[in-house]
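Take a look at the letters that make up each chain.
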Amino acid sequence: MTLSYADFQAIAGKLKPNGQAFIDGQFCDAADGGKFETSNPATGEVLATVAHCKSADVDRAVAAARRVFHAGTWSRAEPEHRKEVLLKIAALVRENANELAVLESLDTGKTITDCLHEIGTEVPNFFQWYAELADKTFGKIAPTGPSALALVVKEPAGIAAAVLPWNFPLVMAAWKIAPALAVGCSAVIKPAEQTPLTALRLAELIREAGVPDGVLNVVPGYGHTAGKAIGLHNDIDTVSFTGSTEVGRMFMRYSGDSNLKGVGLEMGGKSPFIVLDDAAINDDLIEHAAMSAFWNGGQNCSANMRQLIAAPLVEEFTARVCERVRAFKLGDPLDPGTDIGSMISMDHKAMVMDYIRSGEDEGATKLMGGDSDLPGHFIEPAVFRNVTPGMKIAREEIFGPVLGIMPVQSAEEALAIACDTDYGLHATVFTRDIDRAIHMARSLPCGTVSVNGFSEGDIKTPFGGYKQSGSLARDNGTEALAQYMQTKTIWIST
């Protein structure tokens, strides 16, 4: 961290966010002139007026994307050229990282520390990684007799759409845009209505890097307008959605009601943090326990809210995790000293507070936090003890700063409770026994299992879930390319 609080405030004071849609290489208003406002959730200040895109705007974006896809200036470009352009995107993101990070912090309430890490490191790395993969993705030759030659080739799927969440706006944009562009797709992106600004700024940088007009289009709007129009569009070939399970189901229906487009889903979670009886309750474990629940204010689909702790360790664990959580600083997200920013909206704060009250009503013991009297959209991180598996806070995704401690008598009980959920996105296991670690990891129905540390992996490892967390596709890694490519067999009789 080389910049100060004052430096970030100065950057914020100079920003002039553009809320227009980005269609066919140009910023423009919605066709019907519709607009909405996006605000800083930490202060309530209006940041920008944003184009409210609807079906007509999605039609324009898809038409531009289809035109340039058929023209082949990107879809049939040499992969080395696409690689070069994506590397330029990565460089431009790095050059503008401070501005992008401040813009993201203002639009989301996320801490500037998290935004700088995500945008200064992760986002450009995603573009660089897929750039390097662009000219290293091969087809196959199938075994045949001498009378034929069978080529199995990979081609871009066509028009790829992505519907983004509000909790990690630019990271999720990069997760989906980078592989789509790397393989030659054109793309239509709908950022969350709460957080549209960094995706629009990224579009400007992507144009500057040399991506042809029409290849990338950004249509801000609401789920029931722009999102639904994308889901039902008959000329979109594949759509990648990250968000709630409820809306994920809608996209499955939209596909069935339209052209049976491919659908990739990454949805909610109710992820367990399991501490077996041989684990050492040290500073490292406590730090991972606290961060797994409270990173990004708990507004994280893989948040480990359910903390299943071996009964002999519960007292020590509880005392130490509460001590660590008390040290968290709530405050202005632009202050580098802030650990937890604001909730995304007042409605979301109210929903999280309802969960906190329900925990108390159902008999869990609130040890600290959960203060609803803080100004704005802030909530103090809450820690509960005596949580039982049937409680609402133990079964439903809270998406807020809540940690629930659940004592377990054995590894088998921990596994049974961990598996008793509709979700299967992530789990963390702490143990010093490698055999138990492997057994737990293999037995947990989750897309990612992290052992002796909370981690979601990195760009090289696929991210996605089992069950209602979404099992249709994966972000990250080479597996992500499958969402944006189609396989063709060329059978040549010889």
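Overview of the structure. (Residues numbered from 1 in each chain as written. Predicted model: local features only at pLDDT ≥ 70, side-chain atom pairs only at ≥ 80, totals over all residues. Heavy atoms only, no water.)

## Some details on the sheet that holds strand β6 (residues 148–156)
Applied cut-off: Strand pairing is defined by DSSP finding a minimum of two bridges between the two strands. Each helix is a run of H or I in the DSSP string that is no shorter than four residues. Each strand is a run of E no shorter than two, and both are numbered from the N terminus. Orientation is described by axes fitted as lines to C-alpha atoms, over the contacting stretch for helices, and by angles from 0 to 180 degrees between their N-to-C directions.
The three strands lie next to each other as β5-β6-β21, forming an open sheet whose pairing is antiparallel. Where the open sheet ends on each side, the last strands, each with one partner, are β5 (140–142) and β21 (485–493). On average, each strand axis in the sheet is inclined to that of its neighbour by 25 degrees, with strand direction left out of account.

## Here's the deal with the packing of aromatic side chains
Using the following cut-off: Centre distance within 6.5 Å is the pairing criterion for rings of Phe, Tyr and Trp, where only the six-membered ring of Trp is used; planes under 30 degrees apart are then read as stacked, over 60 as edge-to-face, and the remainder as tilted. Summary of the burial criterion: residues with accessible area below 20% of their type's maximum are buried, those above 50% are exposed, and those between are partly exposed, where the area comes from a 1.4 Å probe applied to protein chains only. Lysine and arginine charges are scored as sitting over a ring when NZ or CZ, respectively, is within 6 Å of the ring centre and within 35 degrees of the ring normal.
Scanning the entire structure with this criterion turns up 12 aromatic pairs. A ring pair is formed by Trp129 and Tyr130, whose centres lie 5.1 Å apart and whose planes are at 85 degrees; its orientation type is edge-to-face. Its relative accessible area of 1% is what places Tyr130 among the buried residues. Aromatic ring contacts, followed pair by pair, group Phe126, Trp175 and Phe463 into a single cluster. The ring of Tyr355 has Lys392 sitting right over it, with the charged end atom 5.1 Å from the ring centre.

## Section: the pairing of strand β19 (residues 448–451)
The following threshold applies: Orienting the strands away from the viewer, one traces the path from the first strand over the helix to the second; a clockwise path indicates a right-handed crossover.
Only one face of β19 is buried: it carries Thr448 and Ser450, and the other face, with Val449 and Val451, is open. Of the strand pairs in this sheet, strand β18 (residues 426–430) and β19 are connected by four bridges, and their pairing is parallel. Among the inter-strand pairings, Ala427 is bridged to a residue of β19, identified as Val449. Read as a crossover between parallel neighbours, the route from β18 over helix α15 (residues 434–443) to β19 is right-handed.

## Observations regarding the nonpolar core
What counts here: What makes a nonpolar core is a set of buried Ala, Val, Leu, Ile, Met, Phe, Trp, Tyr and Cys residues whose side-chain atoms join them at distances within 4.5 Å.
Among the nonpolar cores identified, the biggest contains 78 residues, and Leu86, Ile89, Phe127, Tyr130, Ile177, Leu181 and Ile206 are the most heavily contacted of them. Formed by 31 residues, the second largest nonpolar core is a distinct cluster that contains Phe384, Val387, Ile417 and Met440.

## Observations regarding helix α3 (residues 79–95)
Where we set the bar: To estimate how far a helix should reach, multiply one less than its number of residues by 1.5 Å. The contact criterion used is simple: two residues touch if any of their non-hydrogen atoms lie within 4.5 Å.
With 17 residues, α3 should cover 24 Å at 1.5 Å per step; its first-to-last C-alpha distance of 24 Å lies within 8% of that length. By the burial criterion, the buried members of α3 are Arg82, Lys83, Val85, Leu86, Ile89, Ala90, Leu92 and Val93. Here the buried face of α3 lies against α4 (97–108), α5 (112–133), α6 (169–183) and α7 (197–209).

## A closer look at the sheet that holds strand β13 (residues 306–310)
The seven strands are arranged β14-β15-β16-β13-β12-β18-β19 in an open sheet whose pairing can be described as mixed. If you trace the sheet from one side to the other, it starts and ends with β14 (365–368) and β19, each paired once. For this sheet, the mean inter-axis angle between neighbouring strands, taken without regard to orientation, is 20 degrees. The pairing of strand β12 (residues 272–275) with β13 spans four bridges and is parallel. Residue pairing across strands places Val275 opposite Ile309, the latter belonging to β13. Against the sheet, helix α12 (residues 346–361) makes contact with β14, β15 (382–385) and β16 (402–408), and its axis sits at roughly 25 degrees relative to β15, the strand it touches most.

## Focus on the pattern of salt bridges
Side chains bearing opposite charge may pair, as long as their charged atoms lie close to each other. Threshold: What counts as a salt bridge is simple: a side-chain nitrogen of Lys or Arg found within 4 Å of a carboxyl oxygen of Asp or Glu.
What the rule picks out here adds up to 27 salt bridges. Between Arg320 and Glu316 there is a salt bridge; the shortest N-O distance is 4.0 Å. Residue Arg320 and its partner Glu316 are both found in helix α11 (residues 314–326); the two are separated by four residues, about one turn of the helix. With relative accessibility at 23%, the residue Arg320 sits in the partly exposed group. Judged by its relative accessible area of 41%, Glu316 is partly exposed. Sharing partners across several salt bridges, the network here consists of Lys83, Glu132, Asp135 and Lys136.

## A closer look at the environment of Asp361
Along the chain, the position of Asp361 falls in helix α12. Through-space distance from the C-alpha of Asp361 to that of Val58 is 46 Å; in sequence the pair is 303 residues apart.

## A short note on a nonpolar patch on the surface
Here is the rule we go by: Candidate patch residues must exceed 30% relative accessible area and have no salt bridge, after which like charges are joined if within 9 Å and Val, Leu, Ile, Met, Phe, Trp or Tyr side chains if within 5 Å. Calculation of accessible area relied on Shrake-Rupley with a 1.4 Å probe; when residues are assessed, cover is drawn exclusively from the protein chains displayed.
A surface patch of nonpolar side chains, about 320 Å² in accessible area, is lined by Ile141, Leu149, Ile490 and Ile492. Topologically, Leu149 is positioned in strand β6.

## Notes on empty space enclosed by the protein
Formally: Cavities and pockets were defined on a 1 Å grid built over protein atoms only: a cavity is a set of grid points that admits a 1.4 Å probe from which the probe cannot escape, a pocket is an open set flanked by protein on both sides within 12 Å along at least five of seven lines, and lining residues are those with an atom within 4 Å of any such point. Grid points are joined across faces, edges and corners, and a volume is the space filled by probe spheres set on the points. All amino acids are sorted into three groups, where Ala, Val, Leu, Ile, Met, Phe, Trp, Tyr, Cys and Pro are nonpolar, Asp, Glu, Lys and Arg are charged, and the leftover types, Gly among them, are polar.
With the rule as written, the count across this model stands at five cavities of 30 Å³ or more. Approximately 80 Å³ is the volume found for the largest cavity. The class makeup of the residues in the lining of the largest cavity is seven nonpolar, four polar and two charged. Approximately 70 Å³ is the volume attributed to the second largest cavity. Surrounding the second largest cavity, Gly109, Lys110, Thr111, Asp114, Asn296, Gly297, Gln299, Asp339, Ile340, Gly341, Ser342 and Met343 form its lining. Here the residues of the lining of the second largest cavity sort into two nonpolar, seven polar and three charged.

## Overview of the layout of surface pockets
With a probe scaled to a water molecule rolled over the atoms, the places where space remains empty come into view. In this structure, the largest pocket encloses a volume near 980 Å³. Every residue lining the largest pocket is counted, 37 residues in all, and those nearest its centre are Trp166, Phe241, Gly243, Ser244 and Val247. Breaking the lining of the largest pocket down by element, the ones donating at least two residues are α8 (223–232), β10 (238–242), α9 (245–257) and α12. For the lining of the largest pocket, the element with the most residues is α9, which contributes six residues. The residue makeup of the lining of the largest pocket, split by class, is 18 nonpolar, 11 polar and eight charged. Of the pockets and cavities examined, the second largest pocket occupies roughly 650 Å³. Going through the elements one at a time, α5, α6 and α10 (283–294) are the ones with two or more residues in the lining of the second largest pocket. Tallying contributions element by element places α5 first for the lining of the second largest pocket, with eight residues. For the lining of the second largest pocket, the per-class residue count stands at 11 nonpolar, nine polar and six charged.

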